[in-house]
Amino acid sequence: MKCRIFLVEDEYETRQSIHYLVDWAAYGFEIAGEAANGQQALELIAQARPHIVLTDIRMPQMDGVELTKTLQMRFPDIRVIVLSGYSDFEYVRDCFQYGAVDYVLKPTLQADELLTLLERIASKIPSCHFVPSFRPTAESLLGLLLAGMSENLAADPGPFFPGPQYRLLAMDVPYVFDKAPDLGRCCDLLRKAAQECFSGRCTTVAEFENRRLVLLINTSAEFERRDTMAARRVAVIMKHSLGDSFWVYSDAIGHWSELYQHWKNGYAATLKQRFYHHKDYFIEEASLRTGFQERGPWDVQHFSALLEQGRMLDALDAMVQYTRDILSTASMEELKLKALLSNIVYQIIDYLEEAELPLEHTVELRRNLIVRISNTRFSGELLQLTEQLAEELQQYCIVKKKPSEEMILDYVETHYAQQLSLYDLAKQFSFNYHYLSAYFTTHYQKSFTEYLNTVRIQKAQQLLQENILSVAEVGAQVGYTDNSYFSRVFKKSLGVTPTAYRKQYQKRQR
């Protein structure tokens, strides 16, 4: 019977280090579970019922001292070993008072030291019937090599992997499946497929990081073509067995000591490249993009200007076109593209809020649209969703459309007598000040002030023709409080003073 160990440690990397520190099964032990804090551990320990709990001291929610005290009350048969740092001895003393049986120093933790301690404690637990054994396996060595823990190897990998070259065939199981199948069953299927396809050649299967299935092929360069065909057949068998698959066949690796660096420096990332390859179940590492070069950065300023101008249809077209360009060239990593698209949608929703769309509508939009973007699995799905989002958002263009330039001109036509300024108009209609200034210069070859004066003088002409108000009253009626200034502007525009203009008009009417 194996001695069951439960690991409690808030640092993920430390948990992984201990998990792969030795071949636990070979020494008669089993990792029954793990938790990131004492509170979480208590809930899991009740189900796992370990013989030994290996716990850190400093953890959030419930530290190791409180956990030791609670375990002694609830599960007095469980032995507690404390993982401590150099500065934790006061806490270690408290743990001993509550029933801990021993401790080890994390900074100097060694495999042989921990094994000796565990064997000594396990041999004194009546219910454990502990019988230590030593049987290192190729699978346990592969797990350590992929985790970068070659210094903790219990045996020389050389006799297990005699070939001069290595290849990996791996799949990230939860990434491929909505509901991940049992990894233990997957490992068994992969072993059988490897035995069938590689005809007795040196292959090793490992379950890595509780999510990746890994097949190591220890071979030589002369069998490269044959090995690739065999790896493809393994992928076919696994696809038929599991219903879905996405296996990546690595480049050649020259020595077992290079497995960790190859895994870490790009290969592990390729296991999540199915986004652009949803029809593939087997693909070679060399054909995948691991370092994306963007087709061109998203033009945030242009997009913002489109929204500020009320040109939401153009903004939506820009969003769709950019997404289509990126997806057609596979030129951006999946999560980065989804984050960018989510930010674009958020910016559109912010625009709708500024346009006074009811709050309950924008809250619903935020919740639904971002979730839908995150849930797309493949590039084609994301493009289809982007086009759907554009269509759905178009419904708000008519009801909550921002004022156009024509609306501003209409406003000037009806409010010319007021003290108008370009700054006030830009603020009132939510336009960019510099854009609005450039608009008048481009379309009317005059500044806003000159355009406003033109409108006022036209209105003044009409009032002067009616011959009801005095010249000063006409000036005030069209927005000029200073009569002399009104006369100068009028003469500059028409070449005559307001008084002369009225006389000329009356003379023509006789």
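Look up: the structure comes first, before these words.
Below or above, wherever it landed, is the structure these notes cover. It should be emphasised that the depicted structure is a prediction, and the values quoted were computed from it without experimental measurement.

1. What to know about the overall build of the protein
Counting secondary structure elements, the protein contains 22 helices and 10 strands. Over its C-alpha trace the protein gives a radius of gyration of 37 Å, far above what one expects of a compact globule, namely 24 Å for 510 residues. Counting only C-alpha atoms and orienting by the principal axes, one finds that the protein spans roughly 125 × 65 × 35 Å. In the protein, buried positions account for 48% of the 510 residues.

2. Remarks on the pairing of strand β1 (residues 3-8)
In terms of burial, β1 is a largely internal element, 5 of the 6 residues being buried. Viewed along the sheet, the connection from β1 through helix α1 (residues 12-19) into strand β2 (residues 29-35) turns out right-handed. Pairing analysis gives 4 bridges linking β1 to strand β3 (residues 52-56), with the strands arranged parallel. By the bridge assignment, V8 is partnered in β3 with T55.

3. What to know about the nonpolar core
Of all hydrophobic cores here, the largest spans 53 residues; its most connected members are L259 and W263. With 7 residues, the top contributor of residues to this core is helix α8 (residues 183-197). With residues up to four places along the chain from it excluded, the contact list for L259 reads L142, L145, L146, Y166, L168, L216 and I253. Core analysis: the next-biggest nonpolar cluster, separate from the first, contains 34 residues, A330, L340, I370 and L393 among them.

4. Remarks on the sheet that holds strand β9 (residues 247-249)
Two pairing modes exist for strands in a sheet, parallel and antiparallel, and in both the strands are linked by backbone hydrogen bonds. Taken in spatial order, the 5 strands of this open sheet run β7-β8-β6-β9-β10, and their pairing is mixed. Pairing within the sheet leaves two strands with one partner each, and these edge strands are β7 (203-208) and β10 (282-284). On average, adjacent strands in this sheet sit at an angle of 20 degrees to one another, irrespective of strand direction. Pairing between strand β6 (residues 165-172) and β9: 2 bridges, direction antiparallel. By the bridge assignment for β9, L169 is matched with Y249. This element, helix α10 (residues 259-270), spans β6, β7, β8 (212-219) and β9 of the sheet and lies at about 40 degrees to β6.

5. Re the layout of surface pockets
Estimated volume of the largest pocket: approximately 680 Å³. Around the largest pocket sit 25 residues that line it, and H19, D23, W24, A25 and S140 are the ones nearest its centre. Breaking the lining of the largest pocket down by element, the ones donating at least two residues are β2, α6 (138-146), α8 and β7. If one sorts the elements of the lining of the largest pocket by residue count, α6 sits on top with 4 residues. Looking at the lining of the largest pocket residue by residue, the classes come out as 11 nonpolar, 7 polar and 7 charged. In this structure, the second largest pocket occupies an estimated 310 Å³ of space. Lining the second largest pocket are 15 residues, with Y12, E13, A147, E209 and Y260 sitting closest to its centre. Only α1 and α10 provide two or more residues apiece to the lining of the second largest pocket. Sorting elements by how many residues they give to the lining of the second largest pocket places α10 first, with 5 residues. Its residues assigned to classes, the lining of the second largest pocket comprises 9 nonpolar, 3 polar and 3 charged.

6. Quick word on the sheet that holds strand β4 (residues 79-84)
Reading across from one edge, β2-β1-β3-β4-β5 is the order of the 5 strands in this open sheet, with parallel pairing throughout. A strand with exactly one partner marks an edge of an open sheet, and here the two such strands are β2 and β5 (102-105). Averaged over all neighbouring strand pairs, the angle between strand axes comes to 25 degrees, with direction disregarded. Where α1 meets the sheet, its contacts fall on β1, β2, β3 and β4, and the angle it forms with β2 comes to roughly 170 degrees.

7. Some thoughts on the pattern of salt bridges
As enumerated under the stated definition, the model contains 13 salt bridges in all. The partner of E209 in a salt bridge is R212, and the shortest N-O contact between them spans 2.3 Å. When its relative accessible area of 23% is taken as the criterion, E209 is described as partly exposed. Accessibility expressed as a relative area gives 11% for R212, which makes it buried. Of the charged contacts in the structure, one is a salt bridge between E413 and K459, with a shortest N-O distance of 3.6 Å.

8. Brief notes about the packing of aromatic side chains
Tallied over the full model, the rule gives 19 aromatic pairs. Ring centres of F208 and W263 lie 5.3 Å apart, and the angle between their planes is 90 degrees; on these two criteria the pair is classed as edge-to-face. Note that F208 is positioned in strand β7 and W263 in helix α10, a separation of 55 residues in sequence. For the pair F208 and W263, one class covers both residues: buried. Members of the aromatic cluster, connected to one another through ring pairs, are Y439, F440, Y444, F448 and Y451. Its guanidinium or amino end placed over the ring of Y480, R456 lies 5.3 Å from that ring's centre, counting from NZ or CZ.

Calculation rules
Residues numbered from 1 in each chain as written. Predicted model: local features only at pLDDT ≥ 70, side-chain atom pairs only at ≥ 80, totals over all residues. Heavy atoms only, no water. Helix = DSSP H or I, 4+ residues; strand = E, 2+ residues; numbered from the N terminus. Rg over C-alpha atoms; globule rule 2.2 N^0.38 Å. Buried < 20%, exposed > 50% of the residue type's maximum accessible area, 1.4 Å probe, protein only. Right-handed = clockwise from strand over helix to strand, strands pointing away. Pairing = 2+ DSSP bridges. Core = buried A, V, L, I, M, F, W, Y, C linked by side-chain atoms within 4.5 Å. Contact = heavy atoms within 4.5 Å. Axes fitted to C-alpha atoms, helices over the stretch in contact; angles between N-to-C directions. 1 Å grid on protein atoms, 1.4 Å probe; cavity = no way out; pocket = protein on both sides within 12 Å on 5 of 7 lines; lining within 4 Å. Points joined across faces, edges and corners; volume = space filled by probe spheres on them. Nonpolar A, V, L, I, M, F, W, Y, C, P; charged D, E, K, R; others polar. Salt bridge = Lys/Arg side-chain N within 4 Å of Asp/Glu carboxyl O. Phe/Tyr/Trp six-rings, centres within 6.5 Å; stacked < 30°, edge-to-face > 60°. Lys NZ or Arg CZ within 6 Å of the ring centre and 35° of its normal.

Any functional reading would require information beyond the geometric quantities listed.
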